[in-house]
Amino acid sequence: MNPYYQNKLTVLPLFIVILMYIGFFASSDVLGAQAISSAFSLPVNWGIILVSLIAFVITLFGYDLIHKMEKLFAIIFAIVFIFVTVEAFRLPMSAHAWAPGHLAIGPFLLTVSIAATWQLTYAPYVADYSRYLPSNTPSSKTFAYTYAGTVIGTVWMMCLGVILKALIPKFLSNSSAALAKLVGPQFAVVMYVVIVLGVLAVNVLNLYGAFMSITTTLEAFTKLKATTKARFWLVLFTLIIGTFLAIWGNGNFLGNFENFILLLSYFMVPWTAINLIDYYLLRRGDYQIWDVFDVNGQYGKYNWVAITAYLISVILEIPFVNTTMYVGPISKALHGTDIAWIMGLIVPLAFYYFPMRKKMNQPISNLVLSNVLEAEE
């Protein structure tokens, strides 16, 4: 057996990541299509197809173009949304708009769950691009820039969304048109263009990330090589699925998006928790990179502790979930409160940290020997 052959069980989280990329692609397509439809009176479905094709072309040109494009877009977005934020606070509001209201624990935890999942799902994007940084880049600098970027962007946009939803009637029915109306007719076209550019900025990452994840998954079972031809067909395959989902779900965008985010949280939170526990509490960032790819190395062919902890965590989340498709018995008892994501953070601490710490305390020679014997079976 080739000692560098891809571990098949590592594709388990990759299926979730691929689903994430395609889901975000579809939801972003709808937003971009709404902007195009409002600006040019084009049917939304044709707008979806147009946005998808532009993202497809940019993705095919690859990594360097994406980086240059994202840097430019970031500057444009910052300027435009500073202006939008100022305009939002100029909207008329009642004297009691900022008065504390009654706390409904169910909707509050649902909102926290969506916000937390939104942050956690950024992890695959970081992994795809941080791997290309120079080897001497300080991890602290990588963390600081990444964390600041995602937190500031997320908190800013979510707070802005709350204000706009509260002050603009029916804002969520067509947020693109509402933003264009907010900035005035002289800047409406600019607003529509910025929204479409924002969709393209994220969707080229979704297509590129999906291509990378699908390639990694297929390499575990085939001798696929990441050629230009393979990239074309895999990106096209992802595009077709994402575009179909966008057209199919655009009539109930918010409901579908909420269910999608919650579904991601049930699978992504335990995976992220295991990664964080392993990196910060167990190995403290000390990894032998080549051993990761060597089934005879110190990490072995399978990490059954991690696999078992992940599966147990997902199963134990089920009674706590609350979606339109299924409501768990504990969630019902808590009047619809969804705390599955909290279980997804806590359970891996018991089922991964303690067994893995015990395993790591074994002498390295014994670990390597057991891995070799396992690989030969």
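A. Representation of a nonpolar patch on the surface. On the surface, F143, Y147, L276, Y279, Y280, L281, L349 and F354 cluster together into a nonpolar patch covering about 810 Å² of accessible area. Counting only elements with at least two residues in the nonpolar patch, the list comes to α6 (139-167), α10 (253-282) and α14 (340-360). Sorting elements by how many residues they give to the nonpolar patch places α10 first, with 4 residues. Within the fold, L276 resides in helix α10. Among the residues examined, L276 registers a relative accessible area of 43% and is labelled partly exposed.

B. Spotlight on the nonpolar core. Membership of the largest hydrophobic core comes to 70 residues, with the highest contact counts inside it found for V84, L164, L179, M191 and Y352. The biggest single contributor to this core is helix α8 (residues 188-219), with 17 residues. Not counting residues within four places of it along the chain, the set of residues in contact with L179 comprises V84, L164, F171, M191 and I195. Counting residues in each nonpolar core, the second largest holds 9 residues, with L262, F320, I339 and A340 among its members.

C. Focus on the side chain of S175. Assignment of secondary structure puts S175 in helix α7 (residues 175-183). The exposure class of S175 is buried, given its relative accessible area of 18%. Other than its neighbours up to four places away in sequence, S175 contacts L31 and Q34.

D. Structural view of the packing of aromatic side chains. Evaluated as defined, the whole model comprises 10 aromatic pairs. Consider the rings of F24 and F260, whose centres lie 5.3 Å apart with planes at 90°: the pair is edge-to-face. Highlighted residues: F24 in helix α1 (residues 11-40) and F260 in helix α10, separated in sequence by 236 residues. Its relative accessible area of 6% is what places F24 among the buried residues. Aromatic ring contacts, followed pair by pair, group F24, W118 and F260 into a single cluster.

E. Representation of the packing of α7 against α8 in the model. Running from N to C, α7 and α8 point in directions that differ by 140°, and their axes come no closer than 8 Å. Relative to α8, the element α7 lies oblique. Note that α7 runs across α8; the crossing there is right-handed. Mapping the contact onto sequence places S176, A177, L179, A180 and V183 in α7 and A188, M191, Y192 and I195 in α8.

F. Spatial organisation of unusual backbone geometry. Phi angles above zero are rare outside glycine, and S41 is one such case at about 55°. Looking at the element boundaries, S41 is found in the loop between α1 and α2 (44-61). Backbone geometry places K170, a non-glycine residue, at a positive phi of 55°. Tracing the sequence through the fold places K170 in the loop between α6 and α7.

G. Here's a closer look at the side chain of T85. Secondary-structure assignment places T85 in helix α3 (residues 63-89). We classify T85 as buried; its relative accessible area is 17%. Polar side-chain contacts of T85 include one of 2.6 Å to the backbone oxygen of F81. Leaving out residues up to four positions away in the same chain, T85 has contacts with W156 and L160.

H. Looking closely at the pattern of salt bridges. Using the criterion set out here, one finds 2 salt bridges in the structure. The closest approach of N and O atoms between E87 and R90, which form a salt bridge, is 3.0 Å. By relative accessible area, R90 is classed as exposed at 62%. R283 is the partner of D278 in a salt bridge, and the nearest nitrogen-oxygen pair spans 3.0 Å. A relative accessible area of 14% means that R283 is categorised as buried.

I. Region of the structure containing the environment of I195. Structurally, the position occupied by I195 is in helix α8. Setting aside residues up to four positions removed in sequence, I195 forms contacts with L31, A35, S176 and L179.

J. Spatial organisation of the environment of I339. Tracing the backbone shows I339 in the loop between α13 (329-333) and α14. Its relative accessible area of 17% is what places I339 among the buried residues. Spatially, the C-alpha atom of I339 lies 5.8 Å from that of F320, the residues being 19 residues apart in sequence. In this structure I339 touches L109, F320 and L334, once residues within four positions along its chain are discounted.

K. Focus on the environment of V151. With respect to the helices, strands and loops of the structure, V151 is situated in helix α6. Distance in space between the C-alpha atoms of V151 and Q119 is 7.6 Å, their sequence separation being 32 residues. Apart from residues lying up to four places away in sequence, V151 is in contact with Q119 and W156.

L. Quick peek at the packing of α2 against α8. Two numbers describe how α2 lies on α8: the axes approach to 9 Å, and their chain directions differ by 60°. Relative to α8, the element α2 lies oblique. The way α2 lies across α8 gives a crossing that is right-handed. Residue-level inspection shows V51, I54, A55, F56, I58 and T59 of α2 in contact with α8, the latter providing V199, L200, N203, V204, L207 and Y208. Taken together, the residues that form the contact of α2 with α8 break down as 10 nonpolar, 2 polar and no charged.

Basis of the calculations
Residues numbered from 1 in each chain as written. Predicted model: local features only at pLDDT ≥ 70, side-chain atom pairs only at ≥ 80, totals over all residues. Heavy atoms only, no water. Patch = residues over 30% accessible without salt bridge, like charges linked within 9 Å, V, L, I, M, F, W, Y side chains within 5 Å. Areas by Shrake-Rupley, 256 points an atom, 1.4 Å probe, with all protein chains shown as cover. Salt bridge = Lys/Arg side-chain N within 4 Å of Asp/Glu carboxyl O. Helix = DSSP H or I, 4+ residues; strand = E, 2+ residues; numbered from the N terminus. Buried < 20%, exposed > 50% of the residue type's maximum accessible area, 1.4 Å probe, protein only. Core = buried A, V, L, I, M, F, W, Y, C linked by side-chain atoms within 4.5 Å. Contact = heavy atoms within 4.5 Å. Phe/Tyr/Trp six-rings, centres within 6.5 Å; stacked < 30°, edge-to-face > 60°. Axes fitted to C-alpha atoms, helices over the stretch in contact; angles between N-to-C directions. Parallel < 35°, antiparallel > 145°, perpendicular 65-115°, else oblique. Left-handed = near helix turned anticlockwise from the far one by under 90°. Polar contact = N/O pair within 3.5 Å; in protein donor to acceptor, adjacent residues only side chain to side chain. Nonpolar A, V, L, I, M, F, W, Y, C, P; charged D, E, K, R; others polar.

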